[in-house]
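Topology and contacts: notes
Residues per chain are reported as follows:
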Amino acid sequence: MTSFEQMTSPEFMLTNHGDDYFMRMALREAEKAYEADEVPIGAVIVHENRIIGRGYNQTERLQDPTAHAEMIAITAAASHLGSRRILDCTMYVTLEPCSMCAGAIVLARVPRLVFATTDPKAGACGTLYNIAHDERLNHRCQITSGVLQEESAMMLRSYFAKLRKK
């Protein structure tokens, strides 16, 4: 059994992992986007210490402006739970969500959001806006930022450097 197979086996997933572990899983999703020439953003949603939703950016491949990592992960988690409400879950995403994704997080009632690095151009969870924690809305989410920040930022820098060379 490879180390990846061991880490994704049901027995391994049932142990109590911390934010770094699940952010590494989100970074793996971001790597898929990177390899597909998409902006490398990945997301996972965790319920009872198990990943129930995954996503990576696919806006170019699908020609869909809503195909962000967070939106894909929310759809998968809602399907898994059989509910539009993503209760008792934590979302891990490699870049601070934009306003569309932050709005979806609020609508899905995600109780906790963990992101790696801030987005100075579109961040809607504390940088430009704070939709996910806006007291005027009917739901707010607990936000933790900076988890594996450098790894995520390095992947984004590498992607945009590669894009500029083309």
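Here we summarise the structure given alongside this text. The shown structure was predicted, so the numbers you read here are calculated from the model rather than taken from an experiment.

1. Here we look at the overall build of the protein chain
Counting secondary structure elements, the protein chain contains 7 helices and 5 strands. Counting helices and strands in the order they occur from the N terminus, the protein chain gives α-α-α-β-β-α-α-β-α-β-β-α. Taken over the C-alpha trace, the protein chain has a radius of gyration of 15 Å; the compact-globule value for 166 residues is 15 Å, and the two agree within 12%. For the C-alpha atoms alone, the extent of the protein chain along its principal axes is close to 50 × 45 × 30 Å.

2. Section: the sheet that holds strand β5 (residues 142–145)
Within a sheet, each strand pairs with its neighbour through backbone hydrogen bonds, oriented either parallel or antiparallel. Pairing is mixed across the open sheet formed by 5 strands, whose spatial order is β2-β1-β3-β4-β5. The open sheet has two edge strands, β2 (50–56) and β5, and neither has a second partner. This sheet shows a mean twist of 15° between the axes of neighbouring strands, independent of strand direction. The strands touched by helix α7 (residues 149–165) within the sheet are β3 (89–95) and β4 (112–117), with β4 carrying the most contacts at an inclination of about 60°.

3. Thoughts on the packing of helix α3 (residues 19–35) against α7
Any two packed helices are characterised by how steeply their axes cross, that is the angle between the axes, and by the distance between the axes. Relative to each other, α3 and α7 sit at 5°, their axes nearing to 11 Å. As the angle between them shows, α3 and α7 are arranged roughly parallel. Of α7, the residues touching α3 (which contributes Arg 24, Leu 27, Ala 30, Glu 31 and Tyr 34) are Glu 151, Ser 152, Met 155, Ser 158, Tyr 159 and Lys 162. Across the contact of α3 with α7, the residue classes tally to 5 nonpolar, 2 polar and 4 charged.

4. Some details on the layout of surface pockets
Its volume calculated, the largest pocket comes out at about 360 Å³. At 4 residues, the largest contribution of residues to the lining of the largest pocket is made by α7. Residue composition of the lining of the largest pocket, by class: 10 nonpolar, 4 polar and 4 charged.

5. Considerations on the environment of Val 39
Assignment of secondary structure puts Val 39 in the loop between α3 and β1 (42–47). With a relative accessible area of 26%, Val 39 lands in the partly exposed category. Taking C-alpha positions, Val 39 is 8.8 Å from Tyr 56, a pair spaced 17 residues apart along the chain. If we skip the residues at most four places from it in the chain, Val 39 touches Ala 33, Asn 57, Leu 156, Tyr 159 and Phe 160.

6. Side note on unusual backbone geometry
Only a minority of non-glycine residues have a phi that is not negative, and only a minority of peptide bonds are not trans. A positive phi angle, close to 60°, is found at Asp 37, a residue other than glycine. Relative to the assigned elements, Asp 37 resides in the loop between α3 and β1. Taking the relative accessible area as the measure of exposure, Asp 37 reaches 37% and is therefore partly exposed. A positive phi angle, close to 65°, is found at Asn 49, a residue other than glycine. Its place among the elements puts Asn 49 in the loop between β1 and β2.

7. With respect to the pairing of β2
Here β1 pairs with β2 via 6 bridges, running antiparallel. Bridged to His 47 within β2 is Arg 50. Linkage of β1 to β2, two consecutive antiparallel strands, is achieved through a turn of 2 residues, within which Glu 48 is found at a positive phi near 50°.

Quick notes on the rules
- Residues numbered from 1 in each chain as written.
- Predicted model: local features only at pLDDT ≥ 70, side-chain atom pairs only at ≥ 80, totals over all residues.
- Heavy atoms only, no water.
- Helix = DSSP H or I, 4+ residues; strand = E, 2+ residues; numbered from the N terminus.
- Rg over C-alpha atoms; globule rule 2.2 N^0.38 Å.
- Pairing = 2+ DSSP bridges.
- Axes fitted to C-alpha atoms, helices over the stretch in contact; angles between N-to-C directions.
- Contact = heavy atoms within 4.5 Å.
- Parallel < 35°, antiparallel > 145°, perpendicular 65-115°, else oblique.
- Nonpolar A, V, L, I, M, F, W, Y, C, P; charged D, E, K, R; others polar.
- 1 Å grid on protein atoms, 1.4 Å probe; cavity = no way out; pocket = protein on both sides within 12 Å on 5 of 7 lines; lining within 4 Å.
- Points joined across faces, edges and corners; volume = space filled by probe spheres on them.
- Buried < 20%, exposed > 50% of the residue type's maximum accessible area, 1.4 Å probe, protein only.

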